[in-house]
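# Close look at the chain arrangement
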Amino acid sequence: MRCGAWLLTAMGLLCRWFAAPVRAGDDAELDWDPETTTVFIVGILEWERGDLYSPFPAAMIDRRDEQLADFFREAGVPDDRLVYLQDAEATKDRIKKELIELLDETDEGETVVIYFAGHGYRDDDSGETWFACYDAGDENESGWAVKEIYDAVENHFSGDRTMLLADCCHPGALDALALIT
């Protein structure tokens, strides 16, 4: 499946999960509360090293990462619980710093959604996967390691539910790592 097709499928499922009407009876409650949801979105469609990471100029016209941020804002996720880093804002240091700061503010019973759009790459020898942050270079470690996402959630998230989504090459690493951690 192409990366863009995967994104549309994931966004469709996400929107249905969060916006599904309650049908179980008058006293049933929605399983999702925007007030207790934390959202972290990284959308990168151009890179500092365009010679290494091809930009996606056609995708800039109708950015899905921006649409997802707008969806959560309109659904009622508070501004201080939503971080959206786009293109040059999404350096490795800033991604890591802002994710940890956001997760540190969570409490029991909360949900976190972490979404990445851009390039993903994998080291065939080690099996490790990275997402290409804006300032990623030609060394694997210059990217945002998928393992770092899991470590941040494990060490800084106090809530109950985590949803990890990616529109890039090798998004399955999010699921594969969950199976071994």
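This write-up is about the structure you can find in this document.

Right, let's talk about the pattern of salt bridges for a bit. Under the definition given, this model contains ten salt bridges. The residue D65 makes a salt bridge to R63 at a minimum N-O spacing of 2.9 Å. Taking the relative accessible area as the measure of exposure, R63 reaches 7% and is therefore buried. One salt-bridge network, in which partners are shared between bridges, spans R63, D65 and D87.

As summarised here, the arrangement of the three strands in space is β4-β5-β6, forming an open sheet in which the pairing is antiparallel. One side of each edge strand has no neighbouring strand; the edge strands of this open sheet are β4 (120–122) and β6 (144–145). One ladder, built from two bridges, connects strand β5 (residues 129–131) with β6; its direction is antiparallel. What sits directly across from F131, in β6, is W144.

For the rest of this paragraph, the subject is a negative patch on the surface. A cluster of acidic residues, D79, D80, D104, E105, D107, E108 and D160, forms a negative patch at the surface. Structurally, D160 is set in the loop between α4 (146–156) and β7 (161–167).

Once that is clear, we can look at the pairing of strand β3 (residues 111–117). The buried count for β3 comes to seven of seven residues, which makes it a mostly enclosed element. The alternating pattern of β3 places T111, V113, Y115 and A117 and V112, I114 and F116 on opposite faces, both of which are buried. Sheet topology note: the strand β1 (residues 37–43)/β3 ladder contains seven bridges and is parallel. Residue pairing in the sheet places T38 in a bridge with V112 of β3. Here β3 runs beside β7; their pairing, made up of seven bridges, is parallel. By the bridge assignment for β7, V113 is matched with M163.

Let us now look at α4. Taken together, the buried positions of α4 are V146, I149, Y150, A152 and V153. Angular distribution of buried residues about the axis of α4 spans 160 degrees; they occupy a single face of the element. Turned more than 90 degrees off the buried face of α4, the exposed positions are E154 and N155.

Pairing between the strands of a sheet comes from backbone hydrogen bonds, and it takes one of two forms, parallel or antiparallel. Taken together, the four strands give an open sheet; going across it, the order is β2-β1-β3-β7, and neighbouring strands pair in parallel fashion. Whereas interior strands pair on both sides, the edge strands pair on one side only; in this sheet they are β2 (82–86) and β7. Across the sheet, the axes of successive neighbouring strands diverge by a mean angle of 5 degrees, strand direction being ignored. Strands in contact with helix α3 (residues 92–104) are β1, β2 and β3; relative to β1, the strand with the most contacts, it is inclined by about 175 degrees.

Describing two packed helices takes the angle between their axes plus the distance from one axis to the other. Orientation of α3 relative to α4, taken along the N-to-C sense of each, is 25 degrees, at an axis distance of 9 Å. Our classification of the angle between α3 and α4 gives roughly parallel. The chirality of how α3 crosses α4 is right-handed. Where α3 approaches α4, its residues K92, K96, L99, I100, L103 and D104 are matched on the opposing element by E148, A152, V153 and H156. Considering only residue class, the contact of α3 with α4 consists of five nonpolar, one polar and four charged.

About the cut-offs
Residues numbered from 1 in each chain as written. Predicted model: local features only at pLDDT ≥ 70, side-chain atom pairs only at ≥ 80, totals over all residues. Heavy atoms only, no water. Salt bridge = Lys/Arg side-chain N within 4 Å of Asp/Glu carboxyl O. Buried < 20%, exposed > 50% of the residue type's maximum accessible area, 1.4 Å probe, protein only. Pairing = 2+ DSSP bridges. Helix = DSSP H or I, 4+ residues; strand = E, 2+ residues; numbered from the N terminus. Patch = residues over 30% accessible without salt bridge, like charges linked within 9 Å, V, L, I, M, F, W, Y side chains within 5 Å. Areas by Shrake-Rupley, 256 points an atom, 1.4 Å probe, with all protein chains shown as cover. Lys, Arg positive; Asp, Glu negative; His and termini not counted. Charge placed at Lys NZ, Arg CZ, Asp CG, Glu CD. Arc of directions from axis to C-beta. Axes fitted to C-alpha atoms, helices over the stretch in contact; angles between N-to-C directions. Contact = heavy atoms within 4.5 Å. Parallel < 35°, antiparallel > 145°, perpendicular 65-115°, else oblique. Left-handed = near helix turned anticlockwise from the far one by under 90°. Nonpolar A, V, L, I, M, F, W, Y, C, P; charged D, E, K, R; others polar.

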